[in-house]
There are 2 protein chains.
Amino acid sequence: MTQHEATGSVLDDVINAIAAPDPALRVEAQRLFDGKTKPRGSLGRVETLVADLAAIRGTVALGTLRAGIVIAAADHGVAAEGVSAYPQEVTEQMVANIATGGAAISVLARETGARLVLVDAGTKAEHVHAGALDVRVGQGTANFAAAPAMTRTQAVTLMERGAGLAAELAGDGVNLLALGEMGIANTTAASALCAALLPADPGLVCGHGTGIDAETRLHKVHVVGRALERAHPDPDDPIGTLAELGGFEIAFLAGVTLGAAAARVPVLLDGFITGAAALAAARTQPRVTGSLIASHRSREPGHRLVLDDLGLSPLVDLDLRLGEGSGAALCLPLVALALALYADMATFDAAGVTDAGA
Amino acid sequence: MTQHEATGSVLDDVINAIAAPDPALRVEAQRLFDGKTKPRGSLGRVETLVADLAAIRGTVALGTLRAGIVIAAADHGVAAEGVSAYPQEVTEQMVANIATGGAAISVLARETGARLVLVDAGTKAEHVHAGALDVRVGQGTANFAAAPAMTRTQAVTLMERGAGLAAELAGDGVNLLALGEMGIANTTAASALCAALLPADPGLVCGHGTGIDAETRLHKVHVVGRALERAHPDPDDPIGTLAELGGFEIAFLAGVTLGAAAARVPVLLDGFITGAAALAAARTQPRVTGSLIASHRSREPGHRLVLDDLGLSPLVDLDLRLGEGSGAALCLPLVALALALYADMATFDAAGVTDAGA
């Protein structure tokens, strides 16, 4: 670990490098789209999406989609509280399933032609899977109901490694980064983190995760409440709050979000966990929200609160609650088609179509 | 024209051949999806979409998507009332633009690999464009504010030709048919038809179409009201109502809908115009609704009423109002990805992932 990693000054540089989207490019992209053979604005959200991409990326020459998907996996000490429907070993099993092509996100990455980067941000697996990038600073967080999930140094290190990966992918030409995650009990970590950062009552944030029953959900609310009492999180210290209540994959993805925004690469969020990571990132640098695109609205109640806080309106609402980046990946073709329409539709002039200016 | 075409008995055969979707296949497809490595139901609407496709198509072996897009174009006498922001010649111009690859639907068909069939169902063009299938029974409808839009025989003939095209595409292996349309003033025809068939007040049905102002919209409401007073449509005679108030492309697409349903090919609707065509089809055969999938919810107020009447919940809501089948085409990748997930995800058994049954 370098001195920078320990002190977080690398992270500070990333945070300070983040610019707000350029409103003039949003207007210019819209003007270009207005010249295409359709009534102005008639492609609705497709047009505003393209304008947003131009503003974020700092250019109206958007080309075709070159999407990356970063899936960060980790284990959570809070799983010991019995807050998930699945045993903890499923994290490791699903990492292998993602790596070998059988998971939902594997299928979606293949079909959409996206570059899938699987990251072990801190699973309990004895060995990091050969198909995953090793950025571990530990093997599973501590149970945050009883103790801080991780140290501040671990959180900063993971955020810096995430930002570094985003910069690397941007350097490789990736022009949109979709986020995903895998980690048994990570909706509990996301719930605790969001309850602290929004702030909001645990009962309004906690949902049924991968499919727990009503009784287990009430227990989850109680566990999050205990954690908040223990940690007394300071919402003005987002990194400290992340260390207290977050997860390794959430810290890493918060770093990916910051790094992507600093490189002017749009970040396509998935569901509640990636939303919690983005919220943590936004609390360190509010300008990051301008680089975020919400793919879907998940069934988790906390996700709605996060989207509202970040001012994001999701592209679709498909009642998803899988995670893995699946909702983000399902939206990749919509982004690709939006770019194709923007680039390839004929103009009124070229097609000889009367422009009523409507 | 054969005797069958004149009497409509061919159409009766199509209507009688339509079966309701098979609920047992919906259950069986869901059971197969439940064996895949994800919490049960966690892919939400993606899973119910696949189950619906199985029930409609009558098989759980769904394979990959082979989509067809039928775009029917026609002109409308009611355009003379000044109800559109665009002059009538734009219909012909846009047919050429679609055929030569510059329209939104051209780009979307190309990018999604869908088979695009452009049909001239009755434009005013002197010659049918070489890139369009000629099924014309006339060149533009009469102004239905003053006289029936078309004869009943014309309506039946177009419906039969539409059903015939659907049967032909099904025979070629197309396993999903997306509908689209082009026709200046056709939201006025769709508004009149829906006001009659739902029934509903013209003021609740009429919207801003391609972009008319508030004053022109009020005029449109008035024109539709005059047409209803003139025609005294009988909602129990959907074909007669279609002839009085519809459009050539709407009649043709109603026939495509019936023909696709008879061939157990799911019909992916676009916006308000294709919804009006499906509503007319559903009034001739209520079982057809089981074969319909709503792609998006458009900005036209009448579209919401039609979707509610047909009991359809759209896949996306992107604030579109372009038509051409663009909303349906934007959803084709979602259907393709749903089928890929269903086919290609690993099972819990194969992947060695613990199935908690959640």
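Residues numbered from 1 in each chain as written. Chains lettered and ligands numbered in written order. Predicted model: local features only at pLDDT ≥ 70, side-chain atom pairs only at ≥ 80, totals over all residues. Heavy atoms only, no water.

Draft legend 1. Structural detail: helix H10 (residues 214–231) of chain A. All names here are of chain A. Helix length check: H10, at 18 residues, gives a terminal C-alpha distance of 26 Å against a target of 26 Å (1.5 Å per residue), a fit within 8%. Along H10, the positions that sit buried rather than exposed are Thr 216, Arg 217, Lys 220, Val 221, Val 223, Val 224, Gly 225, Ala 227, Leu 228 and Ala 231. The inward-facing, buried residues of H10 abut helix H8 (186–197), helix H9 (202–205) and helix H11 (238–245). Looking one or two residues past H10, His 232 carries a phi angle of roughly 40 degrees, positive in sign. (Helix = DSSP H or I, 4+ residues; strand = E, 2+ residues; numbered from the N terminus. Expected span 1.5 Å × (residues − 1). Buried < 20%, exposed > 50% of the residue type's maximum accessible area, 1.4 Å probe, protein only. Contact = heavy atoms within 4.5 Å.)

Draft legend 2. The arrangement of the interface of chain B and chain A in detail. Residue-level contacts link 58 residues of chain B with 58 residues of chain A. Buried area between chain B and chain A, summed over both chains or domains, comes out near 4,200 Å², and the portion from carbon and sulfur atoms is 69%. Taken together, the links from chain B to chain A amount to 0 salt bridges. Viewed at the interface, chain A and chain B are joined by 16 residue pairs in polar contact (both at pLDDT 80 or more). At the level of elements, helix H4 (44–57), helix H5 (89–99), helix H6 (104–112), helix H15 (326–344) and helix H16 (348–351) of chain B are the ones that each hand at least two residues to the side of chain B that touches chain A. If you tally residues by element for the side of chain B that touches chain A, the top one is H15(B), at 9 residues. Of the residues assigned to the side of chain B that touches chain A, the class counts are 31 nonpolar, 14 polar and 13 charged. (Buried area = accessible area lost by both parts, 1.4 Å probe. Salt bridge = Lys/Arg side-chain N within 4 Å of Asp/Glu carboxyl O. Polar contact = N/O pair within 3.5 Å; in protein donor to acceptor, adjacent residues only side chain to side chain. Nonpolar A, V, L, I, M, F, W, Y, C, P; charged D, E, K, R; others polar.)

Draft legend 3. Structural view of the packing of helix H3 (residues 23–34) of chain B against H15(B). Residues and elements named next belong to chain B. Running from amino to carboxyl end, H3 crosses H15 at an angle of 65 degrees, the nearest separation of the two axes being 9 Å. In terms of orientation, H3 lies roughly perpendicular with respect to H15. Here H3 and H15 pass one another in a crossing that is left-handed. Across from Ala 29, Leu 32 and Phe 33 in H3, the residues of H15 making contact are Ala 338, Leu 341 and Tyr 342. (Axes fitted to C-alpha atoms, helices over the stretch in contact; angles between N-to-C directions. Parallel < 35°, antiparallel > 145°, perpendicular 65-115°, else oblique. Left-handed = near helix turned anticlockwise from the far one by under 90°.)

Draft legend 4. A look at the sheet that holds strand S2 (residues 115–122) of chain A. All names here are of chain A. Spatial ordering of the open sheet is given by S3-S2-S1-S4-S5-S6, a layout of 6 strands whose pairing is parallel. Every interior strand has two partners, whereas the edge strands, strand S3 (133–134) and strand S6 (292–294), have only one. Bridge analysis of strand S1 (residues 67–74) against strand S4 (residues 176–182) gives 7 bridges, and the strand direction is parallel. For Ile 69, the partnering residue across the bridge sits in S4 and is Ala 178. Taken strand by strand, helix H7 (residues 152–171) contacts S1, S2, S3 and S4, and its axis lies near 165 degrees from that of S2. (Pairing = 2+ DSSP bridges.)

Draft legend 5. Quick look at the relation of the copies chain B and chain A. In screw terms, the move from chain B to chain A is a rotation of 180 degrees and a rise of 0.0 Å along the axis, fitting with an RMSD of 0.0 Å. Taken together, the turn and the small shift mark the pair as related by a two-fold rotation axis. For chain B, the residue whose C-alpha comes nearest the rotation axis is B:Val316, separated from it by 2.8 Å. When the interface residues of chain B are mapped onto chain A, 100% of them again fall at the interface, so both copies present the same face. (Least-squares fit on C-alpha atoms with pLDDT ≥ 70 in both.)

Draft legend 6. Summary view of the sheet that holds strand S1 (residues 67–74) of chain B. Residue and element names in this part refer to chain B. With respect to topology, 6 strands assemble into an open sheet ordered S3-S2-S1-S4-S5-S6, the strand pairing being parallel. Looking at which strands have only one partner, the edges of the open sheet turn out to be strand S3 (133–134) and strand S6 (292–294). With 7 bridges connecting them, S1 and strand S2 (residues 115–122) associate as parallel partners. Bridge assignment links Ile 71 to a residue of S2, and that residue is Leu 118. Here helix H7 (residues 152–171) sits on the sheet and contacts S1, S2, S3 and strand S4 (176–182); the angle it forms with S2, its principal contact strand, is near 165 degrees.

Draft legend 7. Local environment of the packing of helix H15 (residues 326–344) of chain A against H6(B). Direction vectors running N to C along H15(A) and H6(B) enclose 130 degrees, while the axes themselves pass 9 Å from each other. With respect to their mutual orientation, H15(A) and H6(B) come out oblique. Judged by the twist between their axes, the crossing of H15(A) over H6(B) is right-handed. Contacts between H15(A) and H6(B) involve A:Leu337, A:Ala340, A:Leu341 and A:Asp344 from the former and B:Ala104, B:Val107, B:Leu108, B:Arg110, B:Glu111 and B:Thr112 from the latter. The residue makeup of the contact of H15(A) with H6(B), split by class, is 6 nonpolar, 1 polar and 3 charged.

The analysis is restricted to geometry; functional conclusions fall outside its scope.
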